[in-house]
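# Descriptive analysis of the structure
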Amino acid sequence: MPCRVAILGASGYTGSELLRCLLLRRSVADDIEIVALTSSRRAGCQLSEVLPQFSGAGLPALSLWEDVDWGAVDVAFCALPHGTTQEVIAKLWRHEGLKIVDLSADFRLHDLAMYERWYGKAHATPALQPHACYGLSEWNKDRIAKSRLIANPGCYATACQLSLLPVADRVELGTVFMSAASGVSGAGRSLREDLLYCEMNENFRPYATGGHRHIAEIEQGLRWRLKELDKLEADGKVSSVSFVPHLLPLDRGIMVTLSAKMLGGESVDGLRRVMTEAYRGSVFVEVLGEGEVPSLKRVRGTNNCLLAVCEDRRDGWVVIFSAIDNLMKGAGGQALQNMNIVLGMEEETGFGGGALLP
Ligand SMILES: NC(=O)c1ccc[n+]([C@@H]2O[C@H](COP(=O)([O-])OP(=O)(O)OC[C@H]3O[C@@H](n4cnc5c(N)ncnc54)[C@H](OP(=O)(O)O)[C@@H]3O)[C@@H](O)[C@H]2O)c1
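Here's what I pulled together on the structure shown here. One numbering rule holds for all chains: residues counted from 1, following each sequence as written. Confidence filtering applies because this is a predicted model: local features only for residues at pLDDT of at least 70, side-chain atom pairs given and counted only at 80 or more, and all residues used for totals across whole chains, interfaces and linings.

## Some points on the sheet that holds strand 13 (residues 305–311)
Note the cut-off: For two strands to be treated as a pair, DSSP must find at least two bridges joining them. Comment: elements are numbered from the N terminus, with helices defined as DSSP H or I runs of at least four residues and strands as E runs of at least two. By definition, residues are in contact whenever their C-beta atoms, placed on the basis of the backbone, come within 7 Å of each other. To obtain an axis, a line is fitted to C-alpha atoms, over the contacting stretch when the element is a helix, and the angle between two such axes runs from 0 to 180 degrees between their N-to-C directions.
Spatial strand order, 9-10-8-11-14-13-12: seven strands in an open sheet with mixed pairing. The sheet is open, and its two borders are formed by strand 9 (205–206) and strand 12 (285–287), each paired with just one other strand. Relative to strand 13, strand 12 runs parallel, the two being bridged by three bridges. Counted as the bridge partner of Val287 is Leu307 from strand 13. Across the sheet, helix 6 (residues 155–164) is in contact with strand 8 (177–182), strand 10 (242–247), strand 11 (254–261), strand 12, strand 13 and strand 14 (317–324); its angle to strand 11 comes to roughly 40 degrees.

This is the structure:
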């Protein structure tokens, strides 16, 4: 029997990207059935009225999530705004057979005080948080495979952690600076004056310079990694890593440039070897060779993360680049990868075809 899948928030950017992936998958593997697609404002519309690219795909009409028969769903992807999601998932949780991959930030932070600090209000369903597993696929596969509730990481947090975690014990954390730039789809599909074409086109600007929410996820990941390496006590500088996001006048893509001072005895070639080793066997993360740098066009429409470890002109420093598509490895693609892990399938099932060019 095929796996019955629902997407909450299918009319949004990440929900519709996930749907595109699921349709590609359906064309090669007859193992899923898309049984429900939800929207809030457009419930009752045909999906093709809202997203004409899906015309003729034989999909269910958009409905309210409250009207879905959750007893007849195996996997729910929740692509809703944070805050809304907690209460929705609390209701879905009663359906014991249901696995949930949440793309919002609501279950990513294990420390509820951190959630309150960064998201400005107390968590509405604290009892559910301990059931959530952080879904950075390459670093948490075993736990993801056993979980019912997977908190898909943030887009910036994915690109940053994939570059930082392998070298966390080889650089001076107090010197880590991550400058990240994202395409505009990172802000979702809803209307915002500061994201209008005339504000964005030919423009490039930083934002949230004092601290972006994703820093909490990055610190959580770093703390977990140092603990695993038994080095957390030795280096209490987790909260000193710096991260500044920027908006790029592009539809999609994230590029992170990480700069850090290496610990004594480390070298750029050594860090590249460590990074390559960390992702040996990974289907989606590739560490480029010496002299190569990633570009956003190489990851556009793919679930790949391209990493490059490069020389800095300052002796003893390293520069690491990390490129992903925010809607894919940063959202819908990683969500599908996590579904594959949960269902015990090959992670790459349903992906392929390479980057979109142009
Ligand atoms: N965009 C990214 O690159 C990215 C990456 C990683 C994670 N995320 C996270 O993924 C989630 C979805 O992001 P997005 O970019 O796809 O946002 P989006 O384009 O704004 O889509 C949001 C979706 O949620 C629905 N929705 C809004 N309010 C709702 C409510 N009160 N009840 C039920 N449904 C509601 C919307 O339906 P209607 O508009 O049709 O009513 C729409 O389908 C967010 O939590 C975001 O932080 C986004």
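## Examining the site of the ligand
Inclusion rule: By convention here, the C-beta atom is placed from the backbone, and a residue is near a molecule or strand when that atom is within 6 Å of it. Note that domain bounds follow an automatic or database assignment of domains.
As a matter of local geometry, the ligand sits amid 30 residues, with Gly9, Gly12, Ser104, Gly188 and Arg189 nearest to it. For the shell around the ligand, the elements supplying multiple residues, two or more each, are helix 1 (13–28) and helix 10 (328–342). Among the elements that line the shell around the ligand, the one with the most residues is helix 1, at three residues. Viewed by domain, the shell around the ligand spans two of them, domain 1 (3–152 + 330–342) and domain 2 (156–326), each represented by three or more residues.

## Description of the environment of Tyr279
Heads up, the rule is: A residue is called partly exposed when the number of other C-beta atoms within 10 Å of its own lies between 12 and 20, exposed at 12 or fewer, and buried at 20 or more, with C-beta atoms placed from the backbone.
Along the chain, the position of Tyr279 falls in the loop between helix 9 (268–278) and strand 12. Note on Tyr279: 17 C-beta atoms within 10 Å, which makes it partly exposed. Each C-alpha atom of the pair Tyr279 and Leu162 lies 9.4 Å from the other, and the pair is 117 residues apart in sequence. When sequence neighbours within four positions are dropped, the list of residues in contact with Tyr279 reads Glu138, Val285 and Val287.

## So, the environment of Cys133
Along the chain, Cys133 falls in strand 6 (residues 132–134). Assessed through the 21 C-beta atoms surrounding it within 10 Å, Cys133 is described here as buried. The spacing of Cys133 and Lys146 is 13 residues in sequence and 9.0 Å in space, taken between C-alpha atoms.

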